[in-house]
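Chain by chain, the residues run as shown.
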Amino acid sequence: MTLQELLRPYRAAFASRFLQMLQYRTAALAGFGTQCWWGGIKVMVLAAFYGNAAAAELPMTLAHAITYTWLAQGLLALLPWAGDPEVAQAVRSGSVAYDRLRPVDAYGLWFVRSAGWIAARVLPRLALMLAFAGVALPLLGWGEWGWQPPAGIAAAAGFGLSALMALLLSVSMVMLLNVAAAAALNERGINAIAVPLVVVLSGNLLPLALLPDGWQTALLLQPLAGLMDIPMRLYMAKFTGWQALGGIALQAFWIAVLIVLGRLAMRRTMRRLEVQGG
């Protein structure tokens, strides 16, 4: 069997889930509206903070912090604060047993399905956010409150690669939540724990660079930084050269670690799985 034939079911699973999620246009518009509202509130809070702080003591400018905020809002659906609802439903209904009988790797199948689910939710909202904060606000004369372009071609390329790594990192974390839901037969508890950790440690609540200096090394090395903070630093050219390569390598390291952990946990869970429903 050729590599193309081996990958065909996974490509089909990704494409079907991606196209399925793209049908929910109203949900995308509602999410975009909510993210604009919270993005505006965050921008106003940052403006007040910068207006009462010494600029020389801050690690990024207000323009960078505002761009960071709009980008973070556009990428909000990328955050792995909940497991894949399709997997959770399969666990509750008992149809998860079918995934054990399919002639494909169960972990790989769940992985590509979750990737399609996340990508289809992120891309429309990111495009709408760019149109609003990156195009509409400057055209209306509010460019200083808008999404600024990347620092250069190298920064844009680094951000693009890092954003792809962030997607894979997010999916690898979602897979751990999926496995935990399968083991517990319920996803609510693990999702409740994941939300505050992901929001704070990814940099979504506040750019990690604005947190205390003594925390910076630990904040950068922990895996959740690769979801938003590292891509943002590349976008704004805070990381260049070897620093940029190091940031992307750190993302790749955590992807590999989490996939290995996810596979081990899934193998253990599937051996002991008690199927509910029928």
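Residues numbered from 1 in each chain as written. Predicted model: local features only at pLDDT ≥ 70, side-chain atom pairs only at ≥ 80, totals over all residues. Heavy atoms only, no water.

Participant: I keep staring at the packing of aromatic side chains and nothing clicks. Help me out?
Facilitator: The geometry of an aromatic ring pair is captured by two quantities: the separation of the ring centres and the angle between the planes. Tallying each qualifying case throughout the model produces seven aromatic pairs. Measuring from centroid to centroid gives 5.7 Å for Trp70 and Phe132, while their planes differ by 80 degrees, and the two rings are edge-to-face. Of the two residues, Trp70 is situated in helix α3 (residues 62-74) and Phe132 in helix α6 (residues 106-139); the sequence distance between them amounts to 62 residues. Exposure remark for Trp70: the relative accessible area of 4% places this residue in the buried category. Judged by relative accessible area, Phe132 falls into the partly exposed class, the value being 28%. Taking the centre distance of 5.2 Å and the plane angle of 65 degrees together, the rings of Phe253 and Trp254 count as edge-to-face. What links up through ring pairs into an aromatic cluster is the set Phe32, Trp70 and Phe132. Across the ring face of Trp117, the terminal group of Arg121 is positioned such that the distance to the ring centre comes to 4.5 Å. (Phe/Tyr/Trp six-rings, centres within 6.5 Å; stacked < 30°, edge-to-face > 60°. Helix = DSSP H or I, 4+ residues; strand = E, 2+ residues; numbered from the N terminus. Buried < 20%, exposed > 50% of the residue type's maximum accessible area, 1.4 Å probe, protein only. Lys NZ or Arg CZ within 6 Å of the ring centre and 35° of its normal.)

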